[in-house]
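Residues per chain are reported as follows:
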Amino acid sequence: MITINTVATPGQLECRVSGHLTQADYEDTLSPALEQAFSTSDTLRVLVIIDNDLSGMDAGAVWEDTKLGLAHWRGFDRLAVVTDLGFARVGVRAFAPLMPCPVQVFAHVDIDAARLWLRESLGTIHAQELAPGTMELCLLGEVDADAYTRAKEALAAHVTQGEEFRLLLDVRGFDGWQGPAAMAAHLRTVMAHAGQAKRIAIVGASHWQHAAELIGKRVLAAKVNYFDSDKYAEAREWVLGTKAA
């Protein structure tokens, strides 16, 4: 079953999926909603809420899902998926590097954060705690100095001063800084916590991002490892210490 929720913000679509998905769910509900949304906006930000009773989808639903994705491949600006189901979280993160837009997964208790992430300008830093003492920072678009202020507040809320922590830095959707002030804010944030970092994983898609690994190994005491964009899961395992370097 697919239910479309009313969203007042133009260019945004919110849907909830539950039970067993059929081809009719796509043809009668999701497809018309997407076509209507794209008729008033060139790009779309989508929030998908997956209920815990999701039991799967039939072959027709899989085909309709594929067709919809291909038909609007370049039209999606951002995708947020809210779910507590382990297999769904793993699946979304596995396909995220293949998507043409930034993708984030949120738990049901963080649904307000998911909606906020969709509304934010593309230049932002999204922070979340992966585990006690382990943070993930996701840099998106062209980041400004104010974004680092919010990132520092998130770090301060989860990282105790003087204690070691681990960091997963996701820069797959990062396009650079909005001027020298933002770059200076980046350096200040790094230096403020450089001595505390025990392990840093960088997930990126550019040669200069790979170079950050080499620089980090020279100036930081932490173990630093770079992972290509399709190796997010490996980076996560490594930074959490569940996978050897």
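Above this note sits the structure.
Here the structure is a predicted model, which means the values were calculated and not measured.

**Student:** Pulling in residues and values, what's your account of the overall build of the protein?
**Tutor:** Tallying secondary structure elements over the protein gives eight helices and 12 strands in all. Relative to its full complement of 245 residues, the protein shows a buried share of 47%. Sequence separation of 24 or more characterises 69% of the internal contacts of the protein that already satisfy a separation of 6 or more. Total accessible area on the protein is roughly 12600 Å²; 56% of this is exposed by carbon and sulfur atoms.

**Student:** Lay out the packing of aromatic side chains with the relevant residues and their values.
**Tutor:** Applying the stated rule across the entire model yields four aromatic pairs. Note on Phe227 and Trp238: the rings are 6.0 Å apart at their centroids and 55° apart in plane angle, and the pair reads as tilted. Of this pair, Phe227 sits in strand 12 (residues 223–228) while Trp238 is found in helix 8 (residues 232–240), placing the two residues 11 residues apart along the sequence. Sitting over the ring of Trp117, Arg78 keeps its end group 4.9 Å from the ring centre. We note Arg199 situated over the ring of Trp238; from NZ or CZ to the ring centre the distance is 4.6 Å.

**Student:** Before we move on, could you go through the pairing of strand 10 (residues 165–177) and cite the residues and values that matter?
**Tutor:** Summarising the sheet, strand 9 (residues 134–143) and strand 10 pair through nine bridges and their orientation is parallel. Each bridged residue has a counterpart across the sheet, and for Gly141 the counterpart in strand 10 is Phe174. Summarising the sheet, strand 10 and strand 11 (residues 197–204) pair through six bridges and their orientation is parallel. Residue pairing for strand 11: Phe165 is matched across the bridge by Ala197.

**Student:** A description of helix 3 (residues 86–95) should follow, citing residues and the corresponding values.
**Tutor:** Turn by turn, an α-helix covers 3.6 residues, leaving residues three or four places apart pointing in a common direction. Residues of helix 3 that are buried include every one of Ala88, Arg89, Val92 and Arg93, and no others. Mapping the buried residues of helix 3 onto a view down its axis gives an arc of 125°, with all of them on the same face. Away from the buried face of helix 3 by more than 90 degrees, exposed residues Phe87, Val90, Ala94 and Phe95 are located.

**Student:** Break down the sheet that holds strand 4 (residues 44–50) for me, citing the residues and quoting the values.
**Tutor:** In spatial order, the strands read 1-2-4-6-7; together these five strands make up an open sheet with mixed pairing. Edge positions in the open sheet fall to strand 1 (2–5) and strand 7 (103–106), since each of these has one partner strand only. Direction aside, the axes of adjacent strands within the sheet are offset by 20° on average. Two strands pair when backbone bridges link them, and strand 2 (residues 12–17) and strand 4 are joined in this way by six bridges, in the parallel orientation. Pairing of Gln12 across the sheet is with Arg45, part of strand 4. Of the strands in this sheet, strand 1, strand 2, strand 4 and strand 6 (76–82) are in contact with helix 1 (residues 23–40), which crosses strand 1 at around 25°. Where helix 3 meets the sheet, its contacts fall on strand 4, strand 6 and strand 7, and the angle it forms with strand 7 comes to roughly 165°.

**Student:** For the side chain of Arg78, give the residues involved together with the corresponding values.
**Tutor:** Of note, Arg78 is situated in strand 6. For Arg78, the side chain forms a polar contact with the main-chain oxygen of Trp117, separated by 2.4 Å.

Analysis parameters
- Residues numbered from 1 in each chain as written.
- Predicted model: local features only at pLDDT ≥ 70, side-chain atom pairs only at ≥ 80, totals over all residues.
- Heavy atoms only, no water.
- Helix = DSSP H or I, 4+ residues; strand = E, 2+ residues; numbered from the N terminus.
- Buried < 20%, exposed > 50% of the residue type's maximum accessible area, 1.4 Å probe, protein only.
- Contact = heavy atoms within 4.5 Å.
- Areas by Shrake-Rupley, 256 points an atom, 1.4 Å probe, with all protein chains shown as cover.
- Phe/Tyr/Trp six-rings, centres within 6.5 Å; stacked < 30°, edge-to-face > 60°.
- Lys NZ or Arg CZ within 6 Å of the ring centre and 35° of its normal.
- Pairing = 2+ DSSP bridges.
- Arc of directions from axis to C-beta.
- Axes fitted to C-alpha atoms, helices over the stretch in contact; angles between N-to-C directions.
- Polar contact = N/O pair within 3.5 Å; in protein donor to acceptor, adjacent residues only side chain to side chain.

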